[in-house]
Amino acid sequence: MKTSSLVAERVWKDIQSTGSVTNDQLSILHFLFGKNLEKATRIVDQSGVKRISGQSSGRSIFQVVGESKRKEEYLCFPEHYCGCYSFFYDIVNRGEQLCCKHQIAARLAASLGACLDVQVSDEELALLLSKLLTS
Ligand SMILES: [Zn+2]
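Under an unreviewed UniProt entry, the name given to the protein is SWIM-type domain-containing protein, and the source organism is Cinchona calisaya.

What follows is the structure, given as structure tokens:
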């Protein structure tokens, strides 16, 4: 794992344990994520992060609203994956960034307890996940 990822992990854990963000933590996140952090903060402010959990498995995936006018929603695993264009282009192909703004928004909302929690059955969750494979 890259050093910057490890630093980010540490900061997310600290935020999660206190449920709030200090100015120092914000500076570190800003250093790591730049403009994407501001975008992610806006998404969280608009309550744009949903955590969809399967009732009995407890497994979950995030659904994050995009910033364009179309307000499309992206399925997202904060640590590993996002369905948006930027994830494939900037992160997977070019390796220029750690993660996209949706992943940061999901991480931030989860750490602050600011996401909308939605419970679905495990079947519905499986259906949602199967869309990742076909889209
Ligand atoms: Zn994304």
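Asks: So what's going on with the overall build of the protein? Residues and values would help.
Replies: Of regular secondary structure, the protein possesses six helices and five strands. The helix and strand sequence of the protein, counted from the amino end, reads α-α-α-β-β-β-β-α-α-β-α. Taking 135 residues into account, the globule formula puts the C-alpha radius of gyration at 14 Å, and the protein, at 15 Å, falls close to it. Taken over the C-alpha atoms alone, the protein extends approximately 40 × 35 × 35 Å along its principal axes. A burial count over the protein gives 28% of its 135 residues as buried. Considering only intrachain contacts with a sequence separation of at least 6, the fraction spanning at least 24 residues in the protein is 58%.

Asks: Explain helix H5 (residues 101–112) to me, using residue names and the numbers behind them.
Replies: A rise of 1.5 Å per residue sets the reference length of H5, with its 12 residues, at 16 Å; its end C-alpha atoms lie 16 Å apart and thus fit the reference within 8%. For H5, a buried count of 10 out of 12 residues is recorded, marking the element as mostly surrounded by other parts of the structure. In the stretch just after H5, Gly 113 is the one whose phi turns positive, near 70°.

Asks: With reference to specific residues and values, describe the nonpolar core.
Replies: Core analysis: the biggest nonpolar cluster contains 27 residues, and Val 44, Val 49, Val 64, Ala 105, Ala 106 and Ala 109 have the highest contact counts within it. Elements supplying a minimum of two residues to this core: helix H1 (3–18), helix H2 (23–33), helix H3 (35–45), strand E1 (49–54), strand E2 (60–65), strand E3 (73–77) and H5. It is H5 that contributes the most residues to this core, five residues altogether. Apart from residues no more than four positions distant in its own chain, Val 49 is found in contact with Ile 43, Val 44, Phe 62, Val 64, Ala 105, Ala 106, Ala 109, Cys 115 and Leu 116.

Asks: Residues and numbers for the UniProt feature "domain: SWIM-type" (unreviewed entry) in the protein, please.
Replies: Annotation from UniProt places "domain: SWIM-type" (unreviewed entry) at residues 62–111. Helix makes up 40% of residues 62–111 and strand 22%, whereas the separation of the span's terminal C-alpha atoms amounts to 13 Å.

Reading the values: the criteria
- Residues numbered from 1 in each chain as written.
- Predicted model: local features only at pLDDT ≥ 70, side-chain atom pairs only at ≥ 80, totals over all residues.
- Helix = DSSP H or I, 4+ residues; strand = E, 2+ residues; numbered from the N terminus.
- Rg over C-alpha atoms; globule rule 2.2 N^0.38 Å.
- Buried ≥ 20, exposed ≤ 12 C-beta atoms within 10 Å, placed from the backbone.
- Contact = placed C-beta atoms within 7 Å.
- Expected span 1.5 Å × (residues − 1).
- Core = buried A, V, L, I, M, F, W, Y, C linked by C-beta atoms within 7 Å.
- UniProt positions renumbered as here; feature names shortened; annotations may be inferred.

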